[in-house]
Amino acid sequence: MDRERTEGVPAPPWRKSRRSAPPKRQLSQELIVEAGLRILDAEGLDALSMRRVAQELDTGPASLYAHVANKDELLELVYDRVLGEIRLPERDPARWKEQLRGYAMEVHRVLAAHADVARAALANIPTGENSIRVGEFVFGLLIEAGMAPRQASLAMDRLSLYVVGDAYEGSLHYARMREAGLTDPEEYFEHFSGQIAAYYRELPADRFPTVSKFIDDLIADDGEDRFRYGLELLLDGIEARMP
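Each chain has its residues counted from 1, running along the sequence as written. Only residues with pLDDT of at least 70 are given local features in this predicted model, and only at 80 or more are side-chain atom pairs given and counted; all residues enter the totals for whole chains, interfaces and linings. Think of the side-chain values as coming from all heavy atoms in the structure, minus any hydrogens and water.

Chemist: What's the story with the packing of aromatic side chains in this structure? I'm lost.
Modeler: Two aromatic rings, taken as a pair, are described by how far apart their centres are and by the angle between their planes. Stacked, tilted and edge-to-face are the three classes assigned to paired rings of Phe, Tyr and Trp, where Trp is represented by its six-membered ring and a pair needs centres within 6.5 Å; plane angles under 30 degrees give stacked, over 60 edge-to-face, the rest tilted. This model, assessed by the stated rule, comprises five aromatic pairs. Taken together, a centroid distance of 5.4 Å and an interplanar angle of 5° make the contact between Y162 and F227 stacked. Linking Y162 in helix α8 (residues 149–179) with F227 in helix α12 (residues 223–240), this pair joins segments that are 65 residues apart in sequence. The buried label applies to any residue whose accessible area, calculated with a 1.4 Å probe on protein chains only, is under 20% of its type's maximum; exposed applies above 50%, and partly exposed to all values in between. What makes F227 buried here is its relative accessible area of 0%. Measuring from ring centre to ring centre gives 5.0 Å for Y188 and F189, while their planes differ by 75°; the resulting arrangement is edge-to-face. An aromatic cluster is defined as three or more aromatic residues linked by ring pairs; in this entry it consists of Y188, F189 and F192. Helix and strand assignments follow DSSP, with helices taken as H or I runs no shorter than four residues and strands as E runs no shorter than two, numbered in order from the N terminus.

What follows is the structure, given as structure tokens:
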């Protein structure tokens, strides 16, 4: 006999709604990290919390702690998840400079695609699997190209700090752009640089003659050009120390 109907009588509506409700996905660390990354991308790092992730997953905060110890661990896991998107080639020490340049551009691209996730790297030493995978690539590439391990360690550290720091600075501007209700980055940066130029033009030229004279040069290059210029400075410095 159909348990939903007896003698032609329909089942109560509350029983139908209960039976048709989709089952919840079983909670896991992977599911928590995915939810955390969605929140970070949409709302920024300051919005990310265990309570907010629990709300996203329609559960209680206490249920998350069986899979993630605290917010600090969640940040490390989310950051490592982002680093998993970095594409790395096979190491070729004969082309170390070209490969290091490509690596830096790839990391910068991935970090820029995920709001202010770069802040998570600035606050901690990443120890996740993908973090170590990236470090192994750079460290091994420099050593195989002939650099002493101590020198390679310092070069890798400074290069990583430059890439992450630049990505973080960019994320601050994107946060301001969202707060201003703007959606076009080009429009925002034109407005921002225009304000800077207007302020510099009001400075007394007798006290700040160089700034006043070369205002257009000060604001000429966009963020991408500035990042590439700084990257070349670092790569040339590493090259100068390469045996």
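Chemist: How do you make sense of a negative patch on the surface when you look at a structure like this?
Modeler: A cluster of like negative charges, contributed by D184, E186, E187 and E190, occupies part of the molecular surface. Mapped onto the fold, E190 is located in helix α9 (residues 185–201). Patches were defined on residues exceeding 30% relative accessible area and lacking a salt bridge, with like-charge contacts within 9 Å and nonpolar side-chain contacts (Val, Leu, Ile, Met, Phe, Trp, Tyr) within 5 Å. Where accessible areas are quoted, they stem from the Shrake-Rupley method and a 1.4 Å probe; at the residue level, only the protein chains shown are allowed to cover. Salt bridges are defined as contacts in which a side-chain nitrogen from Lys or Arg sits within 4 Å of a carboxyl oxygen from Asp or Glu. Counting rule applied: Lys, Arg positive; Asp, Glu negative; His and chain ends not counted. Where a charge sits is defined by one atom per residue type, namely NZ (Lys), CZ (Arg), CG (Asp) or CD (Glu).

Chemist: For this particular structure, what's the right way to read the layout of surface pockets?
Modeler: A water-sized probe rolled over the atoms picks out the places where empty space is left. Space inside and on the surface of the protein is sampled on a 1 Å grid over the protein atoms alone, with a cavity defined as a set of points where a 1.4 Å probe fits but cannot get out and a pocket as an open set with protein on both sides within 12 Å along at least 5 of 7 lines; lining residues have an atom within 4 Å of a point. Grid points are joined across faces, edges and corners, and a volume is the space filled by probe spheres set on the points. The volume enclosed by the largest pocket comes to roughly 850 Å³. Lining the largest pocket are 28 residues; nearest its centre among them are F189, D222, G223, E224 and R226. Listed by contribution, the elements that provide at least two residues to the lining of the largest pocket are α5 (96–112), α8, α9 and α12. Of the pockets and cavities examined, the second largest pocket occupies roughly 610 Å³. I125, P126, M156, D157 and S160 are the residues nearest the centre of the second largest pocket, which is lined by 24 residues in total. Within the residue set of the lining of the second largest pocket, elements represented by two or more residues are α4 (71–83), α5, α6 (118–123), α7 (129–144) and α8.

Chemist: It is not clear to me how the nonpolar core should be interpreted in this structure. Could you clarify?
Modeler: Grouped together as the largest cluster of nonpolar side chains are 52 residues, with contacts concentrated most on V53, L100, Y103, L111 and L142. Elements with a minimum of two residues in this core: α2 (29–43), α3 (50–56), α4, α5, α6, α7, α8 and α12. Here this core gets eight residues from one element, more than from any other, and that element is α5. The residues contacting Y103, other than those within four sequence positions of it, are L88, V134, F137, V138, L159 and S160. Grouping buried Ala, Val, Leu, Ile, Met, Phe, Trp, Tyr and Cys residues that are joined through side-chain atoms within 4.5 Å yields what is termed a nonpolar core. Contact between two residues is taken to exist if any of their heavy atoms lie within 4.5 Å; hydrogens are not considered.

Chemist: Explain the pattern of salt bridges to me, please; I cannot follow it from the model alone.
Modeler: For side chains of opposite charge, pairing can occur when their charged atoms come near one another. Inspection of every chain in the model, using the stated rule, returns 18 salt bridges. Residues E56 and R52 are paired through a salt bridge, measuring 3.5 Å at the closest nitrogen-oxygen approach. Residue E56 and its partner R52 are located together in helix α3, separated by four residues, close to a single helical turn. Accessibility expressed as a relative area gives 33% for E56, which makes it partly exposed. Using a relative accessible area of 19% as the deciding quantity, one classes R52 as buried.

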